[in-house]
Amino acid sequence: MTRLGFIGLGIMGRGMAANLLEHGHDLTVWNRTPSKAQGLEANLVARSVDVGPASDVVFVSVSDTPDVEEVVFGDLGVIHGMTPGDVLVDHSTISPGATKGFAAQASELGVIWLDAPVSGGSEGAKRGTLAVMVGGDPVALERVRPFMDAYSKSVVHVGDEPGSGQMAKAVNQVLVVLNQLAVSEALLLAQGAGLDLKRALEAVEGGAAGSWMLSNRGPQMIERDWSPGFTIDLQQKDLRLVLEAADEVGVPVPGVALVFQLYRSLQAQGLGSEGNHALVKALEGLAGIRLGD
Ligand code: NAP
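Residues numbered from 1 in each chain as written. Predicted model: local features only at pLDDT ≥ 70, side-chain atom pairs only at ≥ 80, totals over all residues.

1. So, the site of the ligand
As a matter of local geometry, the ligand sits amid 26 residues, with Gly 10, Met 12, Arg 32, Thr 33 and Phe 230 nearest to it. Partitioning the shell around the ligand into residue classes produces eight nonpolar, 13 polar and five charged. Lining the shell around the ligand are residues from two domains, each supplying at least three of them: domain 1 (4–160) and domain 2 (168–287). (Near = placed C-beta within 6 Å. Nonpolar A, V, L, I, M, F, W, Y, C, P; charged D, E, K, R; others polar. Domains from an automatic or database assignment.)

Now the structure itself:
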């Protein structure tokens, strides 16, 4: 039986780990803040490196590129406890370029690296309906796909080249934030026109304008519930990755540049820990009206 390990029990990691346990898999876990493992029926270890000897496949879900580097390759990083032939699946959203380097470093130790960022929000992690975009060895992917199925509704191999999954995630984030901008503008227009916001949302969501963002975040925005499924700070991290990747390949992304600056204005107001749907607050400032008032 394949032994599984999980590193990083944040909003996403905890949901994915819970689904693996729910599907009957034994799991060894580590989180920097151990209290976040409370309530999970998993084998909690004291250091990241301790996950390695207890696992054949290690899943990682931490914040940013330097965090992956630390939990995997740092002095107490998990790679030092892994053995040749093991697979490391990185579910974090990080730099495609750095991912190539990480995969090469892992390969020198015989460990197979799959970059496998996810989409579907905190709800997707909890309900097991994530979309996973995977770069790396397709044979290794088939080994781990049955485990990913515990928390995903779609797992797509994007390319053999390490970093392909992260590049697909950059594409995903262009769609996410421009959708978020569209929902923000549309709801503010409805507000300005004096429409009932819930009715207006209901009227449009079943047609061509419907989207995950509108149906999931629209109602939260109307209620002025800014609790994060995904924080503005992490969203900005992703947009920085998109802008860097687009720059590298020479493709202009003017819409993303605009949204990056709007989020920057919210960070400057100390709102970085709010959900990314609080983007509407930047437009409220321009319009001089508030959603839901
Ligand atoms: P989160 O709730 O902030 O959790 C971050 C996790 O990373 C925590 O377990 C945190 O440990 C750990 N961590 C961060 N830096 C670390 C370090 N240097 N050393 C050790 N552990 C570290 O974030 P999240 O929303 O779960 O996001 C995780 C990843 O999934 C990110 O790359 C994010 O972009 C991506 N993602 C998120 C969403 C979403 O909707 N939330 C959707 C798709 C993808 P502590 O508990 O000790 O802080």
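Once the structure has been displayed, the description carries forward.
2. Here we look at helix H12 (residues 280–287)
What sets the pattern is the α-helix's 3.6 residues per turn: residues three or four places apart point alike. Buried residues of H12: Val 280, Lys 281 and Ala 282, and no others. In this structure, the buried side of H12 is in contact with helix H7 (164–192), helix H9 (212–222) and helix H11 (254–268). Gly 288 sits one or two residues past H12 and shows a positive phi near 70°. (Buried ≥ 20, exposed ≤ 12 C-beta atoms within 10 Å, placed from the backbone. Helix = DSSP H or I, 4+ residues; strand = E, 2+ residues; numbered from the N terminus. Contact = placed C-beta atoms within 7 Å.)

3. A look at unusual backbone geometry
If you check the backbone angles, Arg 224 has positive phi at about 55° while not being a glycine. Considering the arrangement of structural elements, one finds Arg 224 in the loop between H9 and helix H10 (232–249).

4. Section: the pairing of strand E4 (residues 57–60)
Here E4 shows two buried faces, one formed by Val 57 and Phe 59 and the other by Val 58 and Val 60. Two strands pair when backbone bridges link them, and strand E1 (residues 4–7) and E4 are joined in this way by four bridges, in the parallel orientation. Across the sheet, Phe 6 pairs through a bridge with Phe 59, a residue of E4. Across four bridges, the pairing between E4 and strand E5 (residues 87–90) is parallel. Counterpart to Val 57 in the pairing with E5 is Val 87. The parallel pair E4 and E5, bridged by helix H3 (residues 65–73), forms a crossover whose chirality is right-handed. (Pairing = 2+ DSSP bridges. Right-handed = clockwise from strand over helix to strand, strands pointing away.)

5. Observations regarding the domain arrangement of the protein
Partitioning the protein into structural domains gives domain 1 (4–160) and domain 2 (168–287). Spacing between the C-alpha centres of domain 1 and domain 2 amounts to 28 Å. Listed by partner, the interface residues are 12 residues for domain 1 and 12 residues for domain 2. Considered class by class, the residues forming the side of domain 1 that touches domain 2 number four nonpolar, six polar and two charged.

6. As for the nonpolar core
The biggest cluster of nonpolar side chains holds 80 residues, and the ones touching the most others in it are Ile 7, Ala 17, Val 58, Val 60, Val 78, Leu 88 and Leu 114. Take this core: its biggest share by element is 10 residues, from H7. For this core, the domains that each give at least three residues are domain 1 (4–160) and domain 2 (168–287). The contact partners of Ala 17, leaving out residues within four places of it in the chain, are Phe 6, Leu 9, Leu 27, Val 29, Leu 40 and Ala 42. (Core = buried A, V, L, I, M, F, W, Y, C linked by C-beta atoms within 7 Å.)

7. Focus on the environment of Thr 99
With respect to the helices and strands, Thr 99 occurs in helix H4 (residues 96–108). Separated by 79 residues in the primary sequence, Thr 99 and Leu 20 place their C-alpha atoms 25 Å from one another.

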